[in-house]
Amino acid sequence: MERVRSELRITKPVGLSVCESITNPMLVGFFRPVILLPPMKLSDDALSLILRHELIHYKRHDLWCKVMILTATALHWFNPLVYLMAKAAAKQCEISCDALVLQNADHQRRVQYGETILPLSGMGRSSEPHY
């Protein structure tokens, strides 16, 4: 965690915890951020990729953007286009974060990243990740 934080030039502390009730890694907390990981075995490389992804969310202040989108959705709950906008924004947030994780990565690292995140996203072929 400290190595990835240092590589991304993040100086503020970010916690790390395992949470039994989640299935996907996530960043929570506006003022005391914590990365929550589901209980699973991960290789050091897979863990590094997951931490990089979540720390990029932190560095870009994505949680605050999500709050603004949630607020817009709450205020315009009657407008179906707002729900489409919120879904598209969430998808683009993840895609752009993935692109930053893979920036300057070689083919092998890109494949490894895909093998790491696809099972976590539910898009993989099996429900059990292989690390």
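Residues numbered from 1 in each chain as written. Predicted model: local features only at pLDDT ≥ 70, side-chain atom pairs only at ≥ 80, totals over all residues. Heavy atoms only, no water.

1. Observations concerning the nonpolar core
Inference 1: The biggest cluster of nonpolar side chains holds 19 residues, and the ones touching the most others in it are L8, V14, I35 and L55.
Inference 2: Looking at this core element by element, the count peaks at 6 residues for helix α2 (residues 44–59).
Inference 3: Those residues within four positions of L55 in sequence are excluded, and the remaining contacts are M1, V4, R5, L8, I10, V14 and I35. (Core = buried A, V, L, I, M, F, W, Y, C linked by side-chain atoms within 4.5 Å. Buried < 20%, exposed > 50% of the residue type's maximum accessible area, 1.4 Å probe, protein only. Helix = DSSP H or I, 4+ residues; strand = E, 2+ residues; numbered from the N terminus. Contact = heavy atoms within 4.5 Å.)

2. Side note on the packing of aromatic side chains
Inference 1: Under the defined criterion, the tally for this structure stands at 3 aromatic pairs.
Inference 2: Note on F31 and W64: the rings are 5.9 Å apart at their centroids and 65 degrees apart in plane angle, and the pair reads as edge-to-face. Residue F31 is located in the loop between β2 (26–28) and β3 (34–37), and its partner W64 is located in helix α3 (residues 62–75); the two are separated by 33 residues in the primary sequence.
Inference 3: Since its relative accessible area comes to 41%, W64 is described here as partly exposed.
Inference 4: One aromatic cluster is present, formed by F30, F31 and W64 through successive ring pairs. (Phe/Tyr/Trp six-rings, centres within 6.5 Å; stacked < 30°, edge-to-face > 60°.)

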